[in-house]
Amino acid sequence: MKIQVRVSYEDDTKYASLICKKIKEAAKSRGTGIAEKDPEYIKSKMIHGNAVIAFCDDKLAGFSYLDLFQDQEFVVNSGLIVFPEFRKKGLAKIIKIEIFKLSREKFPKSKVFSITTSNPVIKINTELGFKPVSFSELTQSEKFWKGCRSCANFDILTRNKRKMCLCTGLLYNPNKQNNNNTTTNNNPKDKETKNNVISNKYKKYLSLGDKIVLAYSGGLDTSYCLKFLLQEGYEVHTVIINTGGFQNDELKKIEKRALSIGSKSHRSIDSIEEYYQNCIKYLIFGNILKNNTYPLSVSSERIFQAIKIANYATSIQAKAIAHGSTGAGNDQIRFDIAFQIICPEKITLSPIRDMKISRKKEIEYLKNKGISICWDRVKYSINKGIWGTSIGGEETLTSSNDFPEESYPTKLSCNKSENLELEFEKGELVSVNKEKSNAINNIIKIEKIASKFAIGRGIHIGDTILGIKGRVAFEASAAIIIIKAHHLLEKHILTKWQLYWKDQLSNWYGMLLHEAQYLDPVMRDIEKFLKSTQERLTGTVNIILYPYRFHLVGIKSKFDLMTSPNIAQYGEMNHAWTAEDVKGFTKILSNQMKMYHNLNNKKKND
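Read on for a plain summary of the structure. These numbers were taken from a predicted model, which means no experiment stands behind them.

## As for the overall build of the chain
Summing up its helical and strand segments, the chain has 20 helices and 21 strands in all. Against the 2.2 N^0.38 benchmark of 25 Å for 606 residues, the chain shows a C-alpha radius of gyration of 33 Å, more extended than a compact globule. With the C-alpha coordinates aligned to their principal axes, the bounding extent of the chain is approximately 120 × 60 × 45 Å. Evaluated residue by residue, the chain yields a buried proportion of 50% over its 606 residues. About 30800 Å² of surface is accessible on the chain, with carbon and sulfur atoms providing 52% of the total.

Structure follows, in structure tokens:
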């Protein structure tokens, strides 16, 4: 027999009336128990994930729910029912364990109580760490005790002024050290040695109810981490840092998902302006394309997201920070390094990496916990940011296969050419097509214009921080056009040696940023150099956009060294030197080469 016990969700509301009917029938046959349950009340518990539901061979078999009283001081586990045809199979124990675990996950600081006349249920509760107590130690909420009115023994309760009844009161108090918390030992799925080792490792540094900040994107990995950490009994607060990859409606959906899974709170922090001022600006100043190809689109965001997460964790006095990175990529290192530097006193957790959890296991785990979001793998993974979009797929794992048209999120929609004019002041983009705006708005505007031409696509092959080669597709029309236009303007305005040393330091800046070294002070030194080279970098660049490509037409600038008056023009008449000056110059310039070749010829003749 296949038994499944999971957290309920909205689709389960169709069972509410049947469950209420079965509870009433069971109370009548026992002669005790709360007989009347309101289907609408049960539905609300299901919708908010405050109930567990059991199936045997895909048939509805049992149910239980939790409720809160006295500002979450108490949680009650109620409504336990196993349908008659499924009794004596151990199902009541499994349901009881799951509703207790759910109570501890969602409300780790609350006292959990139960009242029952069933000896088997009393035994199960005792094994979970509950202690028999007088009714005076349970909630004093009138709402709770009024719920007993439909019980056949309600008159006994009222005659004794709620001091006693036929039911036994049982209480689990998380604040008392002698409680035997067995929440992770009674579920067969939690008995895997590897998982218990990790769980115990966490518990060396953390206690039940400790506050954890989880970097949450709303995807599969971070949703798994959220549920897992809640199950372990921690208070989890989720946070997402928007560096330009999310719209407001997307952020709202992510918040809703986090709270529905059980996050204590969720925070969306806007960091687009900070990301531009502290990173994108210098990527433009440096004309940075990693391996002359990739504009460090999404990878450059991570360090700024990590810094913001670390600061947020400090502000709410969290004891630990968690992230959903696996053990194979670069992001795990970027997060870990930032956390270790900014808040070294906090513990860093990464459940998927620590336990080597596969995607399949993550999906199964969440489904068993009643989280029915569709996690089906799409053919291509998309990571979008203001500085570009990275694309992963099966072609990523090969060295020869191209990415097909369908893999790119933006499709070609414009087949005619279009002119584009960019204006820079001291290296920063100040207008697009003669319309002034701030740099961020200008980047977004260029992206909207140029993406219609499917410009800025490419495949990047590079070295990861861990020393393995990586391959990823990307589209970054705004980033590529801005960098190339900026570079053209520099070639007209900067001196030969400024351009040369900029190339050297820019290459290092991009590499160090990619490899999680942003917080090294040398990065601030390079930024000062890059900024100093932009003092005269003012002018306009004209561009023509075509399908899949663009053409840099030329520039206009009062600092253009090519058109300086009264000096010289390339290939034309000069006004600053004579023919004899040139002859003398070339004679001196060639001196050392003459000496070398004269000595070399003499050696050959000896």
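## Describing the sheet that holds strand 2 (residues 51–56)
Taken in spatial order, the seven strands make up an open sheet running 1-2-3-4-5-7-6, and their pairing is mixed. Each edge of the open sheet carries a strand with a single partner, namely strand 1 (3–7) and strand 6 (131–133). Going across the sheet, the axis of each strand differs from the next one's by a mean of 25°, ignoring polarity. One ladder, built from three bridges, connects strand 4 (residues 74–82) with strand 5 (residues 111–116); its direction is parallel. Bridge pairing links valine 76 to phenylalanine 113 in strand 5. Helix 3 (residues 91–106) rests against strand 1, strand 2, strand 3 (59–69), strand 4, strand 5 and strand 7 (168–172) of the sheet, and its axis sits at about 155° to strand 4.

## Observations concerning the nonpolar core
By size, the foremost hydrophobic cluster in this structure holds 75 residues, and its most contacted members are Ile309, Trp387, Leu422, Ile481, Ile482 and Leu545. Look past the residues within four positions of isoleucine 482 in its chain and what remains in contact with it is Ile284, Trp387, Leu422, Phe424, Leu429, Ile443 and Ile446.

## Some points on the packing of helix 8 (residues 220–231) against helix 9 (residues 248–261)
Direction vectors running N to C along helix 8 and helix 9 enclose 25°, while the axes themselves pass 10 Å from each other. Between helix 8 and helix 9, the angle falls in the class roughly parallel. Note that helix 8 runs across helix 9; the crossing there is right-handed. Together, Ser223, Leu226, Lys227 and Leu230 of helix 8 and Arg257, Ala258 and Ile261 of helix 9 make up the contact between the two elements.

## Focus on unusual backbone geometry
Look at glutamine 72: it is not a glycine, yet its phi comes out positive at around 70°. Its identity is not glycine, yet alanine 454 carries a phi of approximately 55°, on the positive side. With respect to the helices, strands and loops of the structure, alanine 454 is situated in the loop between helix 15 (439–450) and strand 18 (457–463). Among the residues examined, alanine 454 registers a relative accessible area of 5% and is labelled buried.

Cut-offs used in this document
- Residues numbered from 1 in each chain as written.
- Predicted model: local features only at pLDDT ≥ 70, side-chain atom pairs only at ≥ 80, totals over all residues.
- Heavy atoms only, no water.
- Helix = DSSP H or I, 4+ residues; strand = E, 2+ residues; numbered from the N terminus.
- Rg over C-alpha atoms; globule rule 2.2 N^0.38 Å.
- Buried < 20%, exposed > 50% of the residue type's maximum accessible area, 1.4 Å probe, protein only.
- Areas by Shrake-Rupley, 256 points an atom, 1.4 Å probe, with all protein chains shown as cover.
- Pairing = 2+ DSSP bridges.
- Axes fitted to C-alpha atoms, helices over the stretch in contact; angles between N-to-C directions.
- Contact = heavy atoms within 4.5 Å.
- Core = buried A, V, L, I, M, F, W, Y, C linked by side-chain atoms within 4.5 Å.
- Parallel < 35°, antiparallel > 145°, perpendicular 65-115°, else oblique.
- Left-handed = near helix turned anticlockwise from the far one by under 90°.

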